[in-house]
Every structure is written in C-alpha cells, then in structure tokens.
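Summary of structural features
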Amino acid sequence: MTAPRLELRHVSKSFHDNGLVVKALEDVSLHVMPGEFVTIIGPSGSGKSTLFNLIVGLLEPDAGEIRLDGRAYRNRTGRVAYMPQRDLLLPWRSVLDNVILPLELRGVPRSEAYRQAREMLPLFGLEGFEEAYPTALSGGMRQRAALLRTILTERETLLLDEPFGALDALTRRELQDWLLGVWSRFRQTVVFITHDVEEALYLGDRVIVLSARPGRVVRTLTVDLPRPRRRGLITLPEFGRQEAILLEALGISV
Amino acid sequence: MNFEATPTAPASISPHRRPRWIREAFPPALLIGFVVLSWQVVAERSGLPAFILPSPAQVWRAGWETRDLLGPAIGTTMLETAVGLVIALLLAVAIAAMMDFSPFLRRALYPILVASQTVQILAIAPLLIIWFGFGLLPKVIIVVLVCFFPMAVSTTDGLTSADPDLIALLRSMGATRAQVWRIVRLPAALPSFFSGLRVAVTYSVVGATIGEWVGGSAGLGLYMLRSKNALATDQVFVAMLITTLLSIGLFVLVYLIERAALPWYYSAQRAEQWEETGIY
Ligand SMILES: Nc1ncnc2c1ncn2[C@@H]1O[C@H](COP(=O)(O)OP(=O)(O)O)[C@@H](O)[C@H]1O
Ligand SMILES: [Mg+2]
C-alpha cells in the first residue's frame, strides 16, 4: 500500500489573542493519497485556513504531527504548493513576472522561467495579458493567474484555499470545470477548501467536513460520482442524496 | 475555452476629452495670473514706494538687470541643494534599512531622528558656519538636516507597509529573508519613499538659502541678504521667486521620475478611480 502524500495525526492549534484563547483546530486527523482530489468543507471560522497554514509550515501545531510523503519535516515551507484565500498577486509586477515567482525563488534563469510560463498562458486564459498589471485583470483572471503561479511551484501537492470563493456564480462554475480540466492533465494531489457544499461534491474524490470552531473532522464522504464530472451530475438523485449527507454533517437541517 | 467577458486590453483605456496636463495646469495658471495682475494694479495705484511693495514689472526688471549676479548665485545654491539631497537620500535609505533590520537600532535611532528635525535650523546654522567656515559644507549639512527626516521616516514606514499575507505567501514558497526583502518589502516601500522625497525636495532649496543667508560667500541666500540690506525689495522678490521656481522644478522632476519608476502605481486605471472618487 502506498503512503499517503499528506497525513495529519491528532493536530490541534490554538491562538492567543489579548489573553483570550481561541481554539481553532482540535484533534484533527486526516490523510490525502497521491493523485487524490480532496475537498474540505466547514463553516467560516472552523480553522480551514489555519489547517493550510499548518501544512505549509507557516504555523506549527500545538500538538500532533504533520507528515508529507511519510516524513515529518522540521521545516516544511517550500514543500507544497499553496494558494491562499486572496490572490495576492504582486501589484508592481506584470502577470508574467507574477506567475514566475516560484521559479525565480528557486533560481531558475529568467528566460527559462518565462518560457515555461508562456507555455501555460493559453491554458490559463491569460494569453495577451502577460504584460498587464494585476489591477487591470478581472477577478476570474486574477484567480487563474494565482493558480498558474501555484502550479508553477511544481510541487506534487496543491493546497487551494477557497480559490473561487469571491467570484460570481457563473465565473465560479466555469472555473470549476476548467480546474478539473487542468487537474486531469497534471494529476497532482489537490486539497481544496470551500464553504460551498455543491462545489465540494462536484470537484472532490472525497469530502472532509469540519465542525464549527473548534474545527474537528465530523465526517468523511467518499464521493460516488463518475469522472470526468459533468454539470448534469448536479441534477442526479445521487448528487442530492450526498449533498444531504454533507448538509446534515454541517448541522444544517434539510 | 470560454471565460467570462474579459476586460479590454489594458492599453486601450478610454481617451480623455483634453490632455490631462492641460486640465491639471489650467486652474493654478489662472489663479496665478489673477494674483499677479491684482498685485500689479495694487502696486501701481496705491502709491506705495517700491522698497515696500514693488510691482511685478519692477521685480522682473530687477531680475533682468542683475542677471550676471543671479546666474552664479543660482548655480551655487543648486550645487549645495543637489549635494545635500543626494547625501540625505543615501543616509535616509541606509538608516531606514538599518532600523528595519534591527528593532534595537530602531529604538535607538528613532528619537534621534525626530530630534534632528526639531533642531532649530536658525540656531544651528551660525554654529555650523563657525565650525565649518563659509564654504559649501555647512550649507550641505543644513540641506541634509532638513531633508533627511521626511525621507527616513517615510521609507521606514514604507518598509513596514508590505502586506503580511504577501510575505507569508513568499515564506510558504520557501523564500529567504533576503528574497522577501527584495521581492516584496522594497517595492512596497517605494511609493512612500517617493512621497518622502517629494516633501524633502521642497524643503531643500530653502534650506540651502538659509545657510547662505546666515553665512555665505555666494548663492541666492547671499543675494537676498545683500538686496535686503540695500532696501532693494524688488531684488528680494526676485530671489524669493527663483527659490520657489527651483523648488517647484525639483518637485516636478521627482514626480516625473516617480511616474516612470512606478508605472503600476500610476496606472491609468488608478488615476481614473481617483478621479471618480474625487480624490485626484
Ligand atoms: N493568526 C491568528 N491569530 C489569532 N486568531 C486567529 C489567527 N488565525 C486564525 N485565527 C482564528 O482561528 C479561527 C479559525 O480561523 P480560520 O482558519 O481563518 O478559519 P476559516 O478559514 O475556516 O474561516 C478563527 O476564529 C480566527 O479568528
Ligand atoms: Mg479561511
């Protein structure tokens, strides 16, 4: 049996804020297998972003262990590709110079980095905008640029924190299908945070449900839907049935 | 692939009715014209002697007649200003970087920085003359003193203004501290640095002329002092106007450099947003 790409064992994390202790995560255990697309859903404030900050290595857990490819690294930063909740493009850099950032940090020569990025621009719908500043882009384009930057970190694991959370419903659906297309090409391991039940089901192989604060894993659902996913799936009875299971786990009565 | 309606290419921002610089320059030009005209009328009609209120025409004539004196005077003052500004700039950036690097140095230097600005230039200027003579050096020091503070403070603020989430993102990619500095913190500091520089250059020329006034062997300040002693009020006005024009010239120069250096900050789009919100 292959080792999980990512494993959390009994991870807890609290924040101390003006003498107040905020418990963000409590005894969270989960694993993600290589090539798997796992979605994590939970109410706002359930510690989803904290979970990613822990995996990335920006925070250390109070208790428990985080393993990447079976190893508990002392310093984890730079080992997974992380796309934060905000697109966080550098406003003073053109789209092209933004997306090559991870290559630049690794010391890839600029001309080589540009070449790699240019190759990807059409797939990300950014062709013709390589010289534009982020302020000139629409929300959807900014998200795609941020995602391209994430992909160019060339890590096996992608952590995406509500990448489509701020987009309008139509753009969001387009980008969901587009992301699945990109994923079917690269087949990286994806962990995708969302607070949208439909999105969690439509995208994921498995859905992990977190409780309200402090975040705990209250349910894991292996999604029973065929791939490739098609929009029509949403209208199927199986989809509704699984949606109901997730809503119930979230404590929303149906 | 069919994405949402893409915005038009950034190059094709809608053209304005009139070029912007005309719209910008017209109101102040109108006001200045009005003031000069009123001044001329008042000076002529009031019958006040020229040593109390010279008319703009008299000021113009005085300037033209003393042009042989003015040329070298302007040269001296500009040299002092330029040297002082460059030193102040290097010093300010170096100190801002040091304060950013070490909280200890920050705590040690910040009060001294503030104190350097509250020093009475008029009190310290004669001392500097006593210590360093009548040459270039004391004037340069005065320019450095008045220009250094706004640049150091705004650069320090700028370095801490970077978005913490951006820094976290870079760290998540495994960036080193030096990389974070170069890629995020330095560029983020540039707009504040430039606003400090803009303030500094407007002080700089006045700083140099104060030094010359107190103890100079050349320069616009000396010209001003001699004119005042001779009750040549029209010449005093000449020196004042030239000082002002030099300051404005420097300000515009910095502004142009800033526009060229920070195209992302002054994107046409942002200017339009300002205009819409009425800030611009
Ligand atoms: N750096 C921090 N300092 C203090 N409290 C924090 C910090 N980060 C997150 N929290 C708190 O932890 C809880 C979980 O936050 P977060 O992980 O952002 O939730 P989610 O992403 O699920 O909305 C929230 O109550 C939040 O206020
Ligand atoms: Mg979050």
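Our structure's up above, just so we're on the same page.
These lines cover the structure that appears in this document, whether it is placed above or below. (Residues numbered from 1 in each chain as written. Chains lettered and ligands numbered in written order. Predicted model: local features only at pLDDT ≥ 70, side-chain atom pairs only at ≥ 80, totals over all residues. Heavy atoms only, no water.)

**Re the nonpolar core**
- By size, the foremost hydrophobic cluster in this structure holds 62 residues, and its most contacted members are Cys147, Phe148, Leu170 and Val184 of chain B.
- Counting residues per element, this core draws most heavily on helix α6 (residues 136-160) of chain B, at twelve residues.
- For Phe148 of chain B, the contacting residues outside a window of four places in its chain are Ala88, Leu91, Ala92, Ile95, Leu113 and Ser116 of chain B.
- Counting 54 residues, the second-largest nonpolar core is a separate cluster that includes Leu96, Ala113, Trp178 and Leu225 of chain A. (Core = buried A, V, L, I, M, F, W, Y, C linked by side-chain atoms within 4.5 Å. Buried < 20%, exposed > 50% of the residue type's maximum accessible area, 1.4 Å probe, protein only. Helix = DSSP H or I, 4+ residues; strand = E, 2+ residues; numbered from the N terminus. Contact = heavy atoms within 4.5 Å.)

**Quick word on the coordination of the magnesium ion (ligand 2)**
- Protein-derived ligands of the magnesium ion (ligand 2) are Ser49 of chain A (OG) and Gln85 of chain A (OE1), with the metal-ligand distances lying across 2.1 to 2.5 Å. Note that Ser49 of chain A is positioned in helix α1 (residues 48-56) and Gln85 of chain A in the loop between β5 (81-83) and α2 (95-99), a separation of 36 residues in sequence. (Donors = N, O, S within 2.8 Å, 3.2 Å for Na, K, Ca; no water.)

**A short note on a nonpolar patch on the surface**
Residues and elements named next belong to chain B.
- On the surface, Leu127, Ile130, Trp131, Phe132 and Leu137 cluster together into a nonpolar patch covering about 540 Å² of accessible area.
- The element best represented in the nonpolar patch is helix α5 (residues 121-132), accounting for four residues.
- Structurally, Trp131 is set in helix α5. (Patch = residues over 30% accessible without salt bridge, like charges linked within 9 Å, V, L, I, M, F, W, Y side chains within 5 Å. Areas by Shrake-Rupley, 256 points an atom, 1.4 Å probe, with all protein chains shown as cover. Salt bridge = Lys/Arg side-chain N within 4 Å of Asp/Glu carboxyl O.)

**Examining the environment of Phe124 of chain A**
Residues and elements named next belong to chain A.
- Checked against the element boundaries, Phe124 lands in the loop between α4 (110-120) and α5 (139-151).
- The exposure class assigned to Phe124 is buried, which follows from its relative accessible area of 0%.
- On a C-alpha basis, the gap between Phe124 and Arg144 in space is 6.0 Å, while along the polypeptide they are 20 residues apart.

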